[in-house]
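Listed below, chain by chain, are the residues.
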Amino acid sequence: LEKANSGQLSGRKATEEMIRVEQKRLASQRAILRVLAGGSLAIPGAILTAMETGPWLAWGYSVPGLILLVLGGWQIFRALK
């Protein structure tokens, strides 16, 4: 307490800890955004694929739906990695 009152106590550890916590927070925020982006791509992709409608079909499935499914799955995979 005497060191803290006299200004001799170093706040270096607190600063390093704050930087580490901030980096962890930003990483989790990016992961949440990737999951949301992946879900917003994958859900319409699944609907388009299941409906089997549209002028562009491959193997009986909607090509735009398959593309959205792949992009959404890729974003979700990156977020969970």
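**Topic: the overall build of the protein**
Part 1: Across its full length, the protein carries three helices and two strands.
Part 2: Listing each helix as α and each strand as β along the protein from the N terminus yields α-α-β-β-α.
Part 3: Restricting to contacts in the protein with at least 6 residues of sequence separation, those with at least 24 account for 50%.
Part 4: When the accessible area of the protein is evaluated, it comes to approximately 6,600 Å², of which 67% is carbon and sulfur surface.

**Brief notes about the environment of P64**
Part 1: Residue placement: P64 occurs in helix α3 (residues 63–80).
Part 2: A residue is classified by how much of its surface remains accessible, and P64, at 29% relative accessible area, is partly exposed.
Part 3: Discounting chain neighbours no more than four positions away, the residues touching P64 are L48 and W56.

**Let's talk about the packing of aromatic side chains**
Part 1: Tallying each qualifying case throughout the model produces zero aromatic pairs.
Part 2: R78 extends its terminal NZ or CZ atom over the ring of W74, reaching a point 5.0 Å from the ring centre.

**Some words on the confidence of the model for the protein**
In regions of low pLDDT, the predicted coordinates are not meant to be interpreted in detail.
Part 1: Considering every residue of the protein, the mean pLDDT works out to 84; 83% of them sit at 70 or more.
Part 2: Mean pLDDT values for the elements of the protein range from 70 in helix α1 (residues 2–6) up to 90 in α3.

**Digging into α3**
Part 1: The end-to-end C-alpha separation of α3 is 26 Å, in line with the 26 Å expected for 18 residues at 1.5 Å each.
Part 2: Every buried residue of α3 is listed here: G65, G72, Q75 and A79. Along the long axis of α3, the arc covered by the buried residues comes to 95 degrees, so they all point the same way. Within α3, the exposed residues directed more than 90 degrees away from the buried face are V70 and F77.

**Here we look at the pattern of salt bridges**
Part 1: All told, the structure shown has two salt bridges when counted by the stated rule.
Part 2: Between E17 and R20 there is a salt bridge, with the nearest N and O atoms lying 2.5 Å from each other. Pair noted here: E17 and R20 are both in helix α2 (residues 12–51), with a separation of three residues, about one helical turn.
Part 3: Taking relative accessible area as the criterion, E17 reaches 38% and is therefore assigned partly exposed.

Reading the values: the criteria
Residues numbered from 1 in each chain as written. Predicted model: local features only at pLDDT ≥ 70, side-chain atom pairs only at ≥ 80, totals over all residues. Heavy atoms only, no water. Helix = DSSP H or I, 4+ residues; strand = E, 2+ residues; numbered from the N terminus. Contact = heavy atoms within 4.5 Å. Areas by Shrake-Rupley, 256 points an atom, 1.4 Å probe, with all protein chains shown as cover. Buried < 20%, exposed > 50% of the residue type's maximum accessible area, 1.4 Å probe, protein only. Phe/Tyr/Trp six-rings, centres within 6.5 Å; stacked < 30°, edge-to-face > 60°. Lys NZ or Arg CZ within 6 Å of the ring centre and 35° of its normal. pLDDT = per-residue confidence, 0-100. Expected span 1.5 Å × (residues − 1). Arc of directions from axis to C-beta. Salt bridge = Lys/Arg side-chain N within 4 Å of Asp/Glu carboxyl O.

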